[in-house]
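Breakdown of the fold
One letter stands for each residue in the lines below.
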Amino acid sequence: MAASDKQDLMRLSAAALLLALAAAGSVCSAQQLRRNYYASVCPNVESIVRDAVAKKYRETFITVGATVHLFFHDCFVEGCDASVVVASTPNATAEKDHPINLSLAGDGFDTVIRAKAAVDAVPRCRNRVSCADILAMATRDAIALAGGPAYAVELGRLDGLSSTATSVNGKLAPPSFGLDQLTALFARNGLSQADMVALSAGHTVGFAHCGTFSGRVRAADPTLNRSLAEKLAAWCPDGVDPRVAVTMDVVTPRVFDNQYFRNLQSGMGLLASDQVLLGVVMDRDPNSSSQNVKALNKL
C-alpha cells in the first residue's frame, strides 16, 4: 500500500475518531498529493462534492456508513483508486462483484456517482477530477455530516486502470477473522494494531447482514452481550433472509462517535472480528492497557 493510501485510511477513521491525528501527517508519495490540487481546473470541487453528499444524506442516513465502508474496501485492495466502483463486463468480473463486496450498500456507490455527475456538470471540471479523489472527499464529508470532525483531504489520486474480482482475494477480512489474522492483514498494509483498532471503528456507522453474525447468536458466544444477543435473535430469527441488515452500532447508529469502543467494552461488538479487538488493549502491559482504555473513553 502506498504511503498516500495509508494516510487516507488513517484519516478515514483514526482522524475522524481523534485517535491518531498525529500519524496522519504529511506524507510524500509518488502521486504527490496536495491541498488545492484542482485549484486551476476545478476550484470549487470540494464544495460541489460536499453539496452532492449533503443532498444524498438528507435522503438517507445510510449514506454515511455506505460511503465509509466503500472507501475502506477500495483502499485495501489496490490502493485508494476507486477501482471498487468500476462495473463488471460480460467478459470480466470487477472488484465490486467479489462475494465479500456484495455486502457494500448501493447508497455508497450512488453517493460517488452523484458527486461525480455534479462535478462533471460544471464545464471546466468535466473529466478533470478523478473518481478516487471524489470518493475520498465524499467519505470525509459523510463523516462530518454524521457528527464526526472535518479534516483536510489532500488530492491528486489517479483512478485505477483495472478492476478484477480476483484482486480482492485475501485483501479484506471476513467477519470470522481472529486477532492474529486481522493483525497480519493490517500489517501487510503497513498498519499497526493501533491503526487497526482506529480504522475498525468505522463500524460506528453502517449495517451488517444477519448472515455475518447470526452464528455467534446461535452458538451463544460468551463474548456477546446477553441483552444484545436476545435482540439479535429477534431481529435475525432462524430462517431469516441472511441479507437482512442490522445497524452495527445499536446504541448511536446515526452518529459517527466513539460508541464503537464503548460497545466493545460491554461485549456489544456486532461482528466477532470487532469484539476480538478488545484484546489489543486489554492484553498489553497494565500501564499501557490502562492508558489506552482511558484514551478510548475520553474520545
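Here is what the cut-offs are and how they apply
- Residues numbered from 1 in each chain as written.
- Predicted model: local features only at pLDDT ≥ 70, side-chain atom pairs only at ≥ 80, totals over all residues.
- Heavy atoms only, no water.
- Disulfide = S-S within 2.5 Å.
- Helix = DSSP H or I, 4+ residues; strand = E, 2+ residues; numbered from the N terminus.
- Buried < 20%, exposed > 50% of the residue type's maximum accessible area, 1.4 Å probe, protein only.
- Salt bridge = Lys/Arg side-chain N within 4 Å of Asp/Glu carboxyl O.

**As for the state of the cysteines**
All told, the structure shown has three disulfides when counted by the stated rule. Each disulfide pairs two cysteine sulfurs, and for C42 the partner residue is C125, the sulfurs being separated by 2.1 Å. Taking the sign of the S-S torsion, about 90 degrees here, the bridge from C42 to C125 comes out right-handed. Of this pair, C42 sits in the loop between α1 (3–15) and α2 (45–59) while C125 sits in the loop between α4 (106–120) and α5 (131–145), and the two are 83 residues apart along the sequence. Here C42 matches C125 in class, with each residue buried. The partner cysteine of C210 in its disulfide is C236, sulfur to sulfur 1.9 Å. Its torsion about the S-S bond being -65 degrees, the disulfide of C210 and C236 is classed as left-handed. With C210 in the loop between β1 (207–209) and α8 (214–218) and C236 in the loop between α9 (226–235) and β2 (245–247), this residue pair connects regions lying 26 residues apart in the sequence. Comparing C210 with C236 shows no difference in burial state: the two are buried.

**Description of the pattern of salt bridges**
Applying the stated criterion across every chain yields a total of 13 salt bridges. Put simply, K56 and D107 hold a salt bridge, and the shortest N to O gap is 2.7 Å. Here K56, found in helix α2, pairs with D107, found in helix α4; they are 51 residues apart in sequence, far enough to count as distant. Exposure remark for K56: the relative accessible area of 3% places this residue in the buried category.

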